Amino acid sequence: MKKITIKQLIDFRRKSDRSKKTFAYNLQLDKKRSNDSGGDYWITSLSAISNVFKYKNEVLLNNKVEELQEKIKATPHKSNKLQFQRNIDILLGFEDFDFKSIRPEADLDFLKKPNDKSLIDIKGFIVQAYPHHVYTYSINGHDEIGAIWFVAKLGGFANSELGMFADILYRYLNKHYSKDYYVNTEYCIALDVVNGKTVSFSEIEGGIYPILIEKTIEEIQKL
């Protein structure tokens, strides 16, 4: 079966009809593709924001900004300076972000994320899920589970595109943990660090955003 990432599915949806055919052809040839992590380009800001969420320590943002500012001074390369500055801009944009709005009001127990659990079979395609955090918690004696995925792309994602990340998060949790925990769809969240947008799977359940993964895969298969 073919492996594909959510970012690739989004890239496919953005293409012209002619480019979509080329994409499908290259996929058939099984050309190497990058994963959904956003690559090294955004890793500094993604990692810092992820750590703030986990440790509830917003000082980490300022520390990382200062570190990147020193890197800008130290490098002679314009491309590196631009990369560092873009990561700084993201971090500065999160100085006033309400992290409480994206996590339950409970003590969280963060789980390991083995690689073998990251692959979800959808219509003959293996779609990769790489949440930054998977966590459990208890509310009124009920054990629940949630996950969050911080994503980045130059220019940001549309809400419907973010919904695809939230969708695969729900499938990931439902497949591996639903026997032991209640999967709280309000906390199956994708957060675009470029523009600060968030989408939860509960919003997809409520019909605010469409389910696009199957539809996109079916279009690829037809080509």
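Before reading further, recall that the structure is shown in the block above.
Residues numbered from 1 in each chain as written. Predicted model: local features only at pLDDT ≥ 70, side-chain atom pairs only at ≥ 80, totals over all residues. Heavy atoms only, no water.

Draft legend 1. Broad picture of the overall build of the protein. Across its full length, the protein carries eight helices and eight strands. Rg of the C-alpha trace for the protein: 18 Å, near the compact-globule value of 17 Å for 223 residues, within the 12% margin. Taking the principal axes of the C-alpha coordinates as reference, the protein spans close to 55 × 50 × 30 Å. Within the protein, the fraction of its 223 residues that count as buried is 44%. (Helix = DSSP H or I, 4+ residues; strand = E, 2+ residues; numbered from the N terminus. Rg over C-alpha atoms; globule rule 2.2 N^0.38 Å. Buried < 20%, exposed > 50% of the residue type's maximum accessible area, 1.4 Å probe, protein only.)

Draft legend 2. Here's a closer look at the pairing of strand β5 (residues 133-139). Burial analysis of β5 places five of its seven residues in the buried class, the great majority of the element. Of the strand pairs in this sheet, strand β2 (residues 109-110) and β5 are connected by two bridges, and their pairing is antiparallel. When the sheet's bridge partners are listed, aspartate 109 is paired in β5 with threonine 136. Direction of pairing for β5 relative to strand β6 (residues 142-151): antiparallel, over a ladder of seven bridges. Along β6, the bridge assignment pairs threonine 136 with isoleucine 145. Counting the residues between successive antiparallel strands, the hairpin from β5 to β6 contains two residues, one of them, asparagine 140, with a positive phi of roughly 55°. (Pairing = 2+ DSSP bridges.)

Draft legend 3. Representation of the sheet that holds strand β7 (residues 182-192) within the structure. Strands sit in the order β2-β5-β6-β7-β8 across an open sheet of five strands; the sheet is mixed. At either margin of the open sheet sits one strand with a lone partner, and together these are β2 and β8 (198-200). Helix α3 (residues 43-55) rests against β2, β5 and β6 of the sheet, and its axis sits at about 160° to β6. (Contact = heavy atoms within 4.5 Å. Axes fitted to C-alpha atoms, helices over the stretch in contact; angles between N-to-C directions.)

Draft legend 4. Region of the structure containing the side chain of asparagine 184. Take asparagine 184: it is sitting in strand β7. Relative accessible area serves as the criterion here: at 11%, asparagine 184 is assigned to the buried category. Within polar-contact distance, the side chain of asparagine 184 engages the side chain of tyrosine 137 at 3.3 Å. (Polar contact = N/O pair within 3.5 Å; in protein donor to acceptor, adjacent residues only side chain to side chain.)

Draft legend 5. Local environment of the sheet that holds strand β4 (residues 125-128). If you walk across this open sheet you meet the three strands as β1-β4-β3, and the pairing is mixed. The two strands at the open ends of the sheet, each matched to only one other strand, are β1 (2-5) and β3 (119-122). The sheet shows a mean angle of 35° between the axes of neighbouring strands, taken without regard to direction. Here β1 pairs with β4 via four bridges, running parallel. Looking across to β4, one finds that lysine 2 is bridged to phenylalanine 125. Where helix α1 (residues 6-14) meets the sheet, its contacts fall on β1 and β4, and the angle it forms with β1 comes to roughly 80°.

Draft legend 6. A look at the pattern of salt bridges. A full pass over the atoms with the stated rule returns ten salt bridges. With a shortest N-O distance of 2.8 Å, arginine 14 and glutamate 161 are connected by a salt bridge. Pair noted here: arginine 14 is in helix α1 and glutamate 161 is in helix α6 (residues 159-177), with a separation of 147 residues, a long-range link. Here glutamate 67 makes a salt bridge to lysine 64, at a shortest N to O gap of 3.2 Å. With a gap of three residues between them, glutamate 67 and lysine 64 both fall in helix α4 (residues 59-74), about one helical turn apart. The exposure class of lysine 64 is partly exposed, given its relative accessible area of 22%. One network of salt bridges, in which partners are shared, links Lys7, Asp11 and Lys153. (Salt bridge = Lys/Arg side-chain N within 4 Å of Asp/Glu carboxyl O.)

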